[in-house]
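# Summary of the model geometry
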Amino acid sequence: MNEALIKNFWSDIDERLDFLQTNGYAKLPSLSFLELEKFADNIYEEIGNATFQELGQAHKEFLDLLQINEYLVPKLYLLAKNKFNFTGSKEDQYHIARKVEPGNSKEMFRGHFDSHLFTIVFPISIPKKEKENSNNGQLVFFPNLRKQPSNEIFNIIGKIYFKMFASENGLKRLKNRAKMKTENFEKLEPLLFLGNTFLHTNYPVDAECKKNRLTLLAHFFDPSPKYGIGSFLRMIRNR
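Just so you know, these numbers come straight off a predicted model, no measurement behind them.

### Some words on helix α2 (residues 13-23)
For α2, the set of buried residues is Ile 13, Leu 17 and Leu 20. The buried residues of α2 occupy an angular sector of 50° when projected down its axis, which confines them to one face. Turned more than 90 degrees from where α2 packs its buried face, Glu 15 and Thr 22 sit exposed.

Here it is, written out as structure tokens:
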């Protein structure tokens, strides 16, 4: 990969991080310059029949190619320390691949906050919508829906309270109370957001879609203690 292409990808990251702090999210440049189909094939081979897989080799190669540890992580770490009083390690990262097959009835409307301060959704393979009113797993989100939790008790209470909206009907109720946004990823632009203040979920991937929906989720810096709810949920997922 041409080093200049990678450098150009991150060339305006400071402006995007300023936008993130104000709005709760920011888009990154399009990944269309990468051979995403090749990465998708390799990740599918690793993930098999599962829906989730934590940092396989092909996933790691993707992150290394983008050089996120060189260009992005140091800036996010400074932001975490200076703005959110994060005292943990720069290596506190959690990377997972998510594959949703057409017709999967479980991976939809599962609204939640992340445990980490920052999350990036990297679109790798996004099916086309077959009809105008059909769904292809679009990300639905509510930026800055809650304040940054001051401790783990408030974090857990907030997560429990907003679980009442983790359904199709719940989503309809919530969008009448808060500003809802939808991201289709048709331009292959990754989305960076403040994970634990940003409620998000997905519409279904309709059975009529002709391919899986594959995204890579990058999580950075969990401010909760080791016994916190985020660590517990990750342990359950990886069992």
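### Digging into the pairing of strand β7 (residues 191-194)
The two faces of a sheet get side chains in turn, since along a regular strand they alternate between them. Residue alternation in β7 divides its side chains into two sets, Leu 191 and Phe 193 and Leu 192 and Leu 194, and both sets are buried. Bridge count for strand β4 (residues 118-125) against β7 is four bridges, and the pairing is antiparallel. The partner of Thr 119 across the bridge, within β7, is Phe 193.

### Considerations on the packing of aromatic side chains
Under the criterion given, the structure shown has 20 aromatic pairs. With a centroid separation of 6.3 Å and an interplanar angle of 75°, the aromatic rings of Tyr 161 and Phe 165 are classed as edge-to-face. Its relative accessible area of 35% is what places Tyr 161 among the partly exposed residues. Accessibility expressed as a relative area gives 5% for Phe 165, which makes it buried. Arranged with centres 3.9 Å apart and planes meeting at 15°, the rings of Phe 193 and Phe 198 form a pair that is stacked.

### Looking at the nonpolar core
The biggest cluster of nonpolar side chains holds 41 residues, and the ones touching the most others in it are Phe 62, Leu 66, Phe 118, Phe 122, Phe 220 and Phe 221. With six residues, helix α6 (residues 73-84) is the single largest residue contributor to this core. Those residues within four positions of Phe 122 in sequence are excluded, and the remaining contacts are Leu 31, Phe 62, Leu 63, Leu 66, Pro 190, Leu 214, Thr 215, Leu 216 and Ala 218. Judged by nonpolar contacts, the second largest core, of twelve residues, contains Val 121, Ile 126, Phe 185 and Leu 217.

Cut-offs and rules
- Residues numbered from 1 in each chain as written.
- Predicted model: local features only at pLDDT ≥ 70, side-chain atom pairs only at ≥ 80, totals over all residues.
- Heavy atoms only, no water.
- Buried < 20%, exposed > 50% of the residue type's maximum accessible area, 1.4 Å probe, protein only.
- Helix = DSSP H or I, 4+ residues; strand = E, 2+ residues; numbered from the N terminus.
- Arc of directions from axis to C-beta.
- Pairing = 2+ DSSP bridges.
- Phe/Tyr/Trp six-rings, centres within 6.5 Å; stacked < 30°, edge-to-face > 60°.
- Core = buried A, V, L, I, M, F, W, Y, C linked by side-chain atoms within 4.5 Å.
- Contact = heavy atoms within 4.5 Å.

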